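Reading the structure
The lines below spell out each chain.
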Amino acid sequence: MKNSVANRLYKHPACGVLFSLAMLMGASSALASGESTGDDASAEIQCELTDQKQAMLTLINEARSQQRQCGEQSFEPVDALTWNCKLEAAAERHSQDMAENDYFSHTAPDGSGIEQRINHQDYEWQAVGENIAAGHTSASAVVEGWLASPGHCQNIMNGTFTEMGMAKARNPQSRYESYWTKTLGNAR
């Protein structure tokens with residue numbers, strides 16, 4: 001099973017600087033979801049907090065509520081994240097793409113990354129991040145793997161992020177079978 005840490009991007013309007021961080025790490029997890037249309041109205045209608053999505057949000061917020069060591073970096077507790085349907089739609093799009101095209105990466109075969117996926121959903125952001133996982137069968141296994149990985153853990157504990165969305169897609173014919181994406185954001 002694999003986890004990959006979030007391309008962490010910060011947009012500073014004054015200087016237009018982008019910062020990106022990507023790390024790879026192993027772990028274990030899985031799930032199924034529907035396809036996003038990319039249409040904002042449809043995304044809003046389809047956006048609902050399923051039991052699995054609520055479980056992920058709860059686990060992430062429980063982690064954020066505690067002091068935590070992520071590799072060499074210590075973090076104090078940070079505020080809870082809220083659910084965002086546009087971030088969910090971006091996560092859904094990426095999880096489906098990875099499952100359908102049998103790859104595991106923050107960068108899609110067409111070269112697009114988290115910034116393009118989130119911009120496609122018309123999410124106006126000042127900071128975005130992404131954690132991905134593959135092969136896991138539960139939200140708890142995914143979060144456990146992310147917390148054991150310094151880069152993923154740092155994304156979870158980053159107080160800059162205020163919102164999240166997540167999705168899981170499944171393809172039994174693919175290498176990992178299940179693909180999870182969690183997108184984090186801070187709207188402008």
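None of these values were measured; they are calculated from a predicted model.

Here the focus is the overall build of the chain. Counting its secondary structure elements, the chain contains six helices and ten strands. Within the chain, contacts between residues separated by at least 24 positions form 74% of all contacts whose residues are at least 6 apart in sequence.

Turning next to the packing of aromatic side chains. As enumerated under the stated definition, the model contains two aromatic pairs in all. Consider the rings of tyrosine 176 and tyrosine 179, whose centres lie 6.2 Å apart with planes at 80 degrees: the pair is edge-to-face. Here the two residues tyrosine 176 and tyrosine 179 agree in accessibility, since each one is buried. Counting every residue linked through ring pairs, the aromatic cluster contains Phe104, Tyr176 and Tyr179. It is lysine 182 that lies over the ring of tryptophan 146; its NZ or CZ is 5.2 Å from the centre.

Per the stated rule, a full pass over the model turns up three salt bridges. Where lysine 53 meets glutamate 88, a salt bridge forms, and the shortest distance between an N and an O atom there is 2.3 Å. Of the two residues, lysine 53 sits in helix 2 (residues 51–64) while glutamate 88 sits in helix 3 (residues 85–101), which places them 35 residues apart along the sequence. Residue glutamate 130 is joined to arginine 117 by a salt bridge in which the shortest nitrogen-to-oxygen separation is 2.9 Å. Taken together, the residues span a long stretch of sequence, with glutamate 130 in strand 8 (residues 125–134) and arginine 117 in helix 4 (residues 114–120) at a distance of 13 residues. Like glutamate 130, the residue arginine 117 is buried in the burial classification.

On to helix 3. When the terminal C-alpha atoms of helix 3 are compared, their 24 Å separation across 17 residues agrees well with the 24 Å that a helix rising 1.5 Å per residue should span. For helix 3, the tally of buried residues reaches twelve of 17 residues, placing the bulk of the element in the interior. With a side-chain oxygen positioned 2.8 Å from the backbone nitrogen of lysine 86, the residue opening helix 3 is asparagine 84. Just downstream of helix 3 lies aspartate 102, where phi reads positive at about 50 degrees.

Turning our attention to the state of the cysteines. Across all of its chains, the model carries two disulfides by this definition. Note on cysteine connectivity: cysteine 47 is disulfide-linked to cysteine 85, with sulfurs 2.0 Å apart. Note on the cysteine 47 and cysteine 85 pair: the S-S dihedral is about -80 degrees, so by sign convention the disulfide is left-handed. Taken as a pair, cysteine 47 in the loop between helix 1 (40–46) and helix 2 and cysteine 85 in helix 3 lie far apart in primary sequence, 38 residues in all. Taking the relative accessible area as the measure of exposure, cysteine 47 reaches 13% and is therefore buried. On the basis of relative accessible area, cysteine 85 is assigned to the buried category, the value being 19%. In this model cysteine 70 forms its disulfide with cysteine 153; the gap between the sulfur atoms is 2.0 Å. An S-S torsion of about -50 degrees defines the bridge between cysteine 70 and cysteine 153 as left-handed. One end of the pair, cysteine 70, is in strand 5 (residues 68–70); the other, cysteine 153, is in helix 6 (residues 150–157), and 83 residues separate them in sequence. Both residues of the pair, cysteine 70 and cysteine 153, belong to the buried class. Here the bonded cysteines of the chain are numbered in sequence order, and their pairing is 1-3, 2-4.

A word on the pairing of strand 9 (residues 163–170). Counting buried residues along strand 9, seven of its eight residues qualify, which places the element largely inside the surrounding structure. Strand direction decides the pairing type here: strand 7 (residues 82–83) and strand 9, joined by two bridges, are parallel. Across the sheet, residue threonine 82 finds its bridge partner in strand 9, namely glutamate 163. The sheet contact formed by strand 9 and strand 10 (residues 178–187) spans eight bridges and is antiparallel.

In terms of nonpolar packing, the biggest core is built from 24 residues, with Met56, Ile60, Leu81, Trp146, Met164 and Trp180 touching the most fellow members. Of all the elements in the fold, those that place two or more residues in this core are helix 2, strand 8, helix 5 (139–148), helix 6, strand 9 and strand 10. Counting ten residues, the second largest nonpolar core, distinct from the first, contains Met98, Ala134, Tyr176 and Tyr179.

The rules behind these values
Residues numbered from 1 in each chain as written. Predicted model: local features only at pLDDT ≥ 70, side-chain atom pairs only at ≥ 80, totals over all residues. Heavy atoms only, no water. Helix = DSSP H or I, 4+ residues; strand = E, 2+ residues; numbered from the N terminus. Contact = heavy atoms within 4.5 Å. Phe/Tyr/Trp six-rings, centres within 6.5 Å; stacked < 30°, edge-to-face > 60°. Buried < 20%, exposed > 50% of the residue type's maximum accessible area, 1.4 Å probe, protein only. Lys NZ or Arg CZ within 6 Å of the ring centre and 35° of its normal. Salt bridge = Lys/Arg side-chain N within 4 Å of Asp/Glu carboxyl O. Expected span 1.5 Å × (residues − 1). Polar contact = N/O pair within 3.5 Å; in protein donor to acceptor, adjacent residues only side chain to side chain. Disulfide = S-S within 2.5 Å. Pairing = 2+ DSSP bridges. Core = buried A, V, L, I, M, F, W, Y, C linked by side-chain atoms within 4.5 Å.

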